[in-house]
Amino acid sequence: MNGKRPPDAHPDRMGKKRRKEVMVEFSGAVTEEILKKQVAEAWSCRTPFSHEAIIMDMDPFLHCVIPNFIPSQNFLEGLQKELLNLDFHEKCNDLYKFQQSDDLKKRREPHICALRKILFEDFRAWLSDISKIDLESTIDMSCAKYEFSGTCSCAFNLQMPCSAMMMSWRGAGLPSFFTWFLPGTAAWGAPWTCTMWMVSEVLSEEKSRLSISGWFHGPSLTRPPAYFEPPIPRSPHIPRDHEILYEWINPTYLDMDYQIQIQEEFEQQSEILLKEFLKPEKFAAVCEALEKGGVKWNSRGPPNKRFYEKAEESTLPDILQDCLTLFHSEALFLLLSNFTGLKLHFLAPSDEEEMAGTKEGEAASAPESTEEGTSCSSSEPESNLAAASSNSQQSNEQADPEPEENEAKEESSVPTCQGELRHWRTGHYTLIHDNSKTEFALDLLLYCGCEGWEPEYGGFTSYIAKGEDEELLTVNPENNSLALVYRDRETLKFVKHINHRSLEQKKTFPNRTGFWDFSFVYYE
């Protein structure tokens, strides 16, 4: 009998038993007692601190950076290989575009296990000593991969007392640093957790950026009162008769038969795109004024909600002022009523009036009855607006009702709008946020300077259902196209981040930086 043990029938089992455990340590310098006391004191006093092994700063919020967090180059290379072999899921919405792994707390790869151990055991203990926060052993950790045009626009978290992120670039050197964000008071006026970061757009087609992020958990803190931005003022229409429509708008859209077709399509889809909306000579004059310059543009923020430029109306040349007047005009309110069936003018019938009119028309079979789908009783816009002027004059001549009754009636029945002229270029975006007010409204967008603009540049307006990621509708920038979208209380919108590929527009139009739009919202 041979004294040697026979070969194992299950080599896989043998391999698992003999798997070599990987060991790694984080920067030993930060654990030195003298430096540790200095960092703890700086944290306690909320004062900046700088050392070659660790940097603490208060601007723009309290955070700490540990350069060369993991000194072992071999470990980082092994970790990189394991991370790149993970399954990633694409994540793309108003805030970011990247690929994310599943939670790493159950992964068994040796380098990932070693990283998990030093972060949530060794480093967690060190961090608790520094911050005097009793951090729990709960593990939250995942990997994100940012490839070409990937970005994360001003991400933030307002729940956990401490968050951490380690980042590295694929490629030469594999630089590694560790950043943690700690509770601060400067931005909120009361103790609260605020963690924020921004990942700039990845411009390389050969490299991808890897980041590992996670959260340390501790005791809950009192949430500060929510901040609500003051509402944007709304205004009723400006008295302008039908002449402004004939001056500015493509005659096709002033034909009542065509308006009937538009309304029928809009009522089915809740959206429509009207191409070549303005007369060519007017649209050319608007674009020329925009490209000529001289308009003062103010940046709109804050960055956790939006980033684009808004025109200061007092600096606009006459042609742009007149275009804004068109969108505020009584004539356009009535025209939009004809396009959509919404009651944006007192001549536009309500649903009850339309049903009553239909029944009367069917009973009388009168040839002059309103055609199905129209929003106004007259067949010409001139007569509608003439009637509006006449009715307004008559009502002014009559005795005014009681003030309380008049105010209540105006609040409930006077259509209003709000609008602005916006400039969009590389890096601009808007975001969905928790305090987004959702209500029934008609969005209007008229685009200028979009020649050569491609959807992959971003800059499109995306509509999604509240609480869901799937898009309901995308409106892409298109020259001289008027987009009308009706949204309800369950619909949110955002403008997608404009990435660096938009700079390709300059190859064809050297003086062009992005595009412009007239953005208005109308309320019944």
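Further up the page is the structure itself.
Throughout what follows, the structure given in this document is the object of discussion. (Residues numbered from 1 in each chain as written. Predicted model: local features only at pLDDT ≥ 70, side-chain atom pairs only at ≥ 80, totals over all residues. Heavy atoms only, no water.)

Here we look at the environment of K466
Within the fold, K466 resides in the loop between β18 (461–465) and β19 (471–475). Residues K466 and T491, spaced 25 residues apart in sequence, show a C-alpha to C-alpha distance of 5.5 Å. Ignoring sequence-local partners within four residues, the contact set of K466 consists of T438, R489, E490 and L492. (Helix = DSSP H or I, 4+ residues; strand = E, 2+ residues; numbered from the N terminus. Contact = heavy atoms within 4.5 Å.)

Considerations on the sheet that holds strand β21 (residues 491–495)
Strand order in the open sheet made by the three strands is β19-β18-β21, with antiparallel pairing throughout. Of all strands in the sheet, those with a lone pairing partner are β19 and β21, marking the two edges. Ignoring which end each strand starts from, the neighbouring axes of this sheet average 20° apart. (Pairing = 2+ DSSP bridges. Axes fitted to C-alpha atoms, helices over the stretch in contact; angles between N-to-C directions.)

A closer look at the nonpolar core
I249, L320, F327, L484, F518 and Y522 are the most contacted members of the largest nonpolar core, which has 46 residues in total. Within the second largest apolar cluster, 41 residues are counted, among which are A40, W43, L86 and W126. (Core = buried A, V, L, I, M, F, W, Y, C linked by side-chain atoms within 4.5 Å. Buried < 20%, exposed > 50% of the residue type's maximum accessible area, 1.4 Å probe, protein only.)

Brief notes about the packing of aromatic side chains
Counted according to the given criterion, the structure contains 19 aromatic pairs. Look at F440 and Y486: their rings are 6.3 Å apart centre to centre, the planes differ by 20°, and that puts the pair in the stacked class. Of the two residues, F440 sits in the loop between β16 (429–430) and β17 (441–448) while Y486 sits in strand β20 (residues 482–487), which places them 46 residues apart along the sequence. Under the relative-accessibility criterion, F440 is labelled partly exposed at 38%. Overall, the relative accessible area of 25% leaves Y486 in the partly exposed class. Members of the aromatic cluster, joined through ring pairs, are F26, F69, F120, F123, W126 and F216. Seen from the ring of Y308, R422 lies directly overhead, with NZ or CZ sitting 5.4 Å from the centre. Residue placement shows R512 over the ring face of F509; its charged tip is 5.0 Å from the ring centre. (Phe/Tyr/Trp six-rings, centres within 6.5 Å; stacked < 30°, edge-to-face > 60°. Lys NZ or Arg CZ within 6 Å of the ring centre and 35° of its normal.)

Focus: the packing of helix α3 (residues 73–84) against helix α4 (residues 110–131)
Remark: α3 packs on α4, axes separated minimally by 8 Å, with the N-to-C direction vectors making an angle of 115°. It follows from the interaxial angle that α3 and α4 lie roughly perpendicular. Seen along the crossing, α3 lies across α4 with a hand that is left-handed. Residues F75, G78, L79, E82 and L83 of α3 pack against P110, H111, I112, A114 and L115 of α4. Of the residues contributing to the contact of α3 with α4, the split by class is seven nonpolar, two polar and one charged. (Parallel < 35°, antiparallel > 145°, perpendicular 65-115°, else oblique. Left-handed = near helix turned anticlockwise from the far one by under 90°. Nonpolar A, V, L, I, M, F, W, Y, C, P; charged D, E, K, R; others polar.)

Re the pairing of strand β12 (residues 271–274)
Here β12 shows a buried face lined by I272 and L274 and an unburied face lined by E271 and L273. With four bridges connecting them, β12 and β20 associate as antiparallel partners. Note that in β20 the partner of I272 across the bridge is L484.

A few points about the environment of F509
Its location among the elements puts F509 in the loop between α13 (505–508) and β22 (515–523). Look at F509 and you get partly exposed, because its relative accessible area is 25%. When the C-alpha atoms of F509 and G452 are compared, they prove to be 8.6 Å apart, with 57 residues separating the residues in sequence.

That is the geometry; function is a separate question.
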